[in-house]
Every structure is written in C-alpha cells, then in structure tokens.
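So you can see what is in the structure, the chains are spelled out below.
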Amino acid sequence: MAQPPARSPKPVPASGGEVLLEVRDLRTWFPVHRGVLQRVRGHVRAVDGVSFSLRAGETLGLVGESGCGKTTVGRTLLGLAPATGGEVIFEGQRVFEARGRALLRLRRDMQIIFQDPAGSLDPRMRVWQIVAEPLLVHRVETRRAALRQRAAGLLEHCGMPTHVLDRYPHEFSGGQRQRIGIARAIALNPRFIVADEPTSALDVSVQAQIVNLLCDLQRDLGTSYLFISHDMGVVHHLCARIAVMYAGKIVEEGSRDQIVTNPQHPYTRKLLGAVPSVDL
C-alpha cells in the first residue's frame, strides 16, 4: 500500500493556553540486587529530580541519548513505571493519588504512542479491534458495528484506508503500523499524549509523514504532546520547547530557537553537533 508523499514538517507553535501538566521533582529509582539473598545494594537513578510543565495544545520535546531516562519519565507520568518520589499534576489532579473514577478519567485523557509499532500491536487482533479497544475498555461504545465504524473513522483520520479493517498488523509496513498505533492513541480524544520515539524505527521519508500527521492531529484535536526522542533534528521541526536530559536530569530547557541557536550546556551542544544535515 503506497504511503502519501512526504512533505516538509511544520513546527507546532507554542500555545498560550492554561497549564495542563506539571511535573515536580519526579524521581524513578530502580533497586540493584546483589548477593545470594538478592538484597538491595543500591539504586539506578533513572529519573532523578525532573521538573517541567506543559500547556494545553503545546509540544515539549524531551531529548537525550539512549539510557538518559527520558522514556522512563514518560512511562512514570502514565503510571507504567512506579515513581519513587515527586508529583505529577494533570488539570489540577495529583496523578499518583488518583483512585476510582478520577483515575479512570486520567487514563482516558493521558495516552501513549509507543516506539515500536510492531511490538505494541497485538498480532492476534484485527486492525479494527486494535483501534477500537480503548473505546470498548472504557465503555464508550460496546456495539460491534459501531466500534468498526468508529475504528474506520479513526484510521481514515490517520491516513489509512478503511478497507484494511480486517487485516492483521503483520500485513503492514512500519509506517502504516505506526499510523494504526496513533489511531488507537487518539480513540478517546485525549488531552495529552506521550509520544515515545514514534519515528525512531522508521525510514527518514516515513518519519516526515508521521511528524506531519502528529502536527495535523494536534491542530484538529488540540492535543498536547510530550515528544520523546534522541533526534534533535526531528524535535527541532516538531516542538515549540525543548528539554535536554542527561543522566536522569534535565540539564537545559528553553524555546526551540533558544536551544538550537544558543545552547548553554556542553551536552546540548554535543547533541546538536550530531544532527545530520538532512532536510526532513
């Protein structure tokens, strides 16, 4: 199935909206077990005192090399990894304290796009079932025909034809699988999406298509993104603000132009120096 031709990604402008998400002194430490009794002998400080905020309709790029803790930040925000300390506040609700209906609402409003489109899609499920699963889990819709119809609309919104509803994930290219994953992520019309390196496993031409799709969806839905990446080139095109992570900490944060044209931290300069001169 042919993909639409790539076009040059257009960066998302900064939003003047209200603060949607606040992260304060977030820490995620993993215990290190040693010895016959496997006692805790220390901790890996994957995330060690990270703080930032995100406004409605804004995209914040969280950038750094592999192992710096950026993916753990995204997973901890969503409760997919346990927090050691700090707090996350989403629309005034303390995420780690939420229970019952409050937690259910947060799970609807906070979604994720995974890095590996193949590994994040159940190979035993048809495409329409994958995309419609959040609607069924949250009981937004339970009728089979209606779920298929909603899935078709979501796929079309993400640039996929509706005749693929009954196919399986292995029948698609990497870019097409990522579009399916994005359709699933927007099924509940979330306010906030963690995009965890959604383009890193894709060819450069397909990366541009996915970046443009994310921009279009943000324009249409008003979604806020935490865009996690090791690629400063992609982040520069997509994000209004950039936060640079190194060894579990944010070492520099600012507007895209500030970070790119006048980086203050040596690690930021190193990342910028590694960007290939390829126009996406």
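Residues numbered from 1 in each chain as written. Predicted model: local features only at pLDDT ≥ 70, side-chain atom pairs only at ≥ 80, totals over all residues. Heavy atoms only, no water.

Overview of the pairing of strand 1 (residues 19–34)
The side chains of a regular strand alternate, residue by residue, between the two faces of the sheet.
Turning to step 1, where the next piece is worked out: Judged from the 13 bridges that link them, strand 1 and strand 2 (residues 39–55) form a sheet pairing that is antiparallel. When the bridges of strand 2 are listed, R34 appears paired with R39.
Turning to step 2, where the next piece is worked out: The turn linking strand 1 back onto strand 2 is made up of 4 residues, and G35 within it adopts a positive phi angle of 85°.
Turning to step 3, where the next piece is worked out: Where strand 1 and strand 4 (residues 85–90) come together, 5 bridges link them in antiparallel fashion. Bridge assignment links R27 to a residue of strand 4, and that residue is G85. (Pairing = 2+ DSSP bridges. Helix = DSSP H or I, 4+ residues; strand = E, 2+ residues; numbered from the N terminus.)

Overview of the pairing of strand 8 (residues 224–229)
Turning to step 1, where the next piece is worked out: Counting buried positions over the 6 residues of strand 8 gives 6, a clear majority of the element.
Turning to step 2, where the next piece is worked out: With burial as the criterion, each face of strand 8 is covered, one bearing S224, L226 and I228 and the other bearing Y225, F227 and S229.
Turning to step 3, where the next piece is worked out: Where strand 3 (residues 59–63) and strand 8 come together, 5 bridges link them in parallel fashion. Residue pairing in the sheet places V63 in a bridge with S229 of strand 8. (Buried < 20%, exposed > 50% of the residue type's maximum accessible area, 1.4 Å probe, protein only.)

A closer look at the sheet that holds strand 2
Turning to step 1, where the next piece is worked out: If you trace the 4 strands from one edge of the open sheet to the other, you get 2-1-4-5, paired in antiparallel fashion. Both outer strands of the open sheet, strand 2 and strand 5 (93–94), are each paired with one neighbouring strand and no more.

A word on the confidence of the model for the protein chain
Turning to step 1, where the next piece is worked out: When pLDDT is averaged along the protein chain, the result is 90, and 92% of the positions lie at 70 or above.
Turning to step 2, where the next piece is worked out: In the predicted structure, residues 1–15 sits below a pLDDT of 50 and forms 52 contacts with residues beyond four places in sequence or in another chain. (pLDDT = per-residue confidence, 0-100. Contact = heavy atoms within 4.5 Å.)

Re unusual backbone geometry
Turning to step 1, where the next piece is worked out: In this structure, D25 takes a positive phi of about 50° despite not being glycine.
Turning to step 2, where the next piece is worked out: Within the secondary structure, D25 is located in strand 1.
Turning to step 3, where the next piece is worked out: By relative accessible area, which is 37% here, D25 ends up partly exposed.
Turning to step 4, where the next piece is worked out: The phi torsion at R139 lies on the positive side, around 55°, for a residue other than glycine.
Turning to step 5, where the next piece is worked out: Examined against the element boundaries, R139 turns out to sit in the loop between helix 3 (127–137) and helix 4 (144–157).

Here we look at the sheet that holds strand 6 (residues 110–113)
Turning to step 1, where the next piece is worked out: Spatial strand order, 6-7-8-3-9-10: 6 strands in an open sheet with mixed pairing. Across the chains shown, the open sheet's two edge strands, defined by having one partner strand only, are strand 6 and strand 10 (249–255). On average, each strand axis in the sheet is inclined to that of its neighbour by 20°, with strand direction left out of account.
Turning to step 2, where the next piece is worked out: Pairing between strand 7 (residues 192–196) and strand 8: 5 bridges, direction parallel. Bridge pairing in strand 8 places V194 opposite L226. (Axes fitted to C-alpha atoms, helices over the stretch in contact; angles between N-to-C directions.)

Here's the deal with the side chain of S120
Turning to step 1, where the next piece is worked out: Note that S120 resides in the loop between strand 6 and helix 3.
Turning to step 2, where the next piece is worked out: Setting aside anything within four residues of it in sequence, one finds S120 in contact with F114 and R184.

Overview of the nonpolar core
Turning to step 1, where the next piece is worked out: In terms of nonpolar packing, the biggest core is built from 50 residues, with V131, L155, I180, I182 and F227 touching the most fellow members.
Turning to step 2, where the next piece is worked out: The leading source of residues in this core is helix 6 (residues 204–221), at 7 residues.
Turning to step 3, where the next piece is worked out: The residues touching F227, leaving out its near neighbours within four places in the chain, are T59, L60, G61, L62, A195, P198, L214, V234, V235, L238 and C239.
Turning to step 4, where the next piece is worked out: The next biggest cluster of nonpolar side chains, apart from the first, holds 26 residues, and it includes L21, L26, V47 and M245. (Core = buried A, V, L, I, M, F, W, Y, C linked by side-chain atoms within 4.5 Å.)

Let's talk about the packing of helix 5 (residues 174–185) against helix 6
Turning to step 1, where the next piece is worked out: At a minimum axis distance of 10 Å, the contact between helix 5 and helix 6 shows a crossing angle of 20°. Classed by the angle they form, the pair helix 5 and helix 6 counts as roughly parallel. For the crossing formed where helix 5 meets helix 6, the hand is right-handed. Within the contact between the two elements, helix 5 uses G175, Q178, R179 and I182 and helix 6 uses V206, Q209, I210, L213, L214 and L217.
Turning to step 2, where the next piece is worked out: Looking at the contact of helix 5 with helix 6, its residues break down into 6 nonpolar, 3 polar and 1 charged. (Parallel < 35°, antiparallel > 145°, perpendicular 65-115°, else oblique. Left-handed = near helix turned anticlockwise from the far one by under 90°. Nonpolar A, V, L, I, M, F, W, Y, C, P; charged D, E, K, R; others polar.)

A few points about the packing of aromatic side chains
Turning to step 1, where the next piece is worked out: Going through the model one piece at a time under the given rule, you end up with 2 aromatic pairs.
Turning to step 2, where the next piece is worked out: With 4.7 Å between their ring centres and 40° between their planes, Y246 and Y267 make a pair best called tilted. Taken together, the residues Y246 in strand 9 (residues 241–246) and Y267 in helix 9 (residues 266–273) connect sequence positions 21 residues apart.
Turning to step 3, where the next piece is worked out: Seen from the ring of W29, R45 lies directly overhead, with NZ or CZ sitting 4.1 Å from the centre. (Phe/Tyr/Trp six-rings, centres within 6.5 Å; stacked < 30°, edge-to-face > 60°. Lys NZ or Arg CZ within 6 Å of the ring centre and 35° of its normal.)

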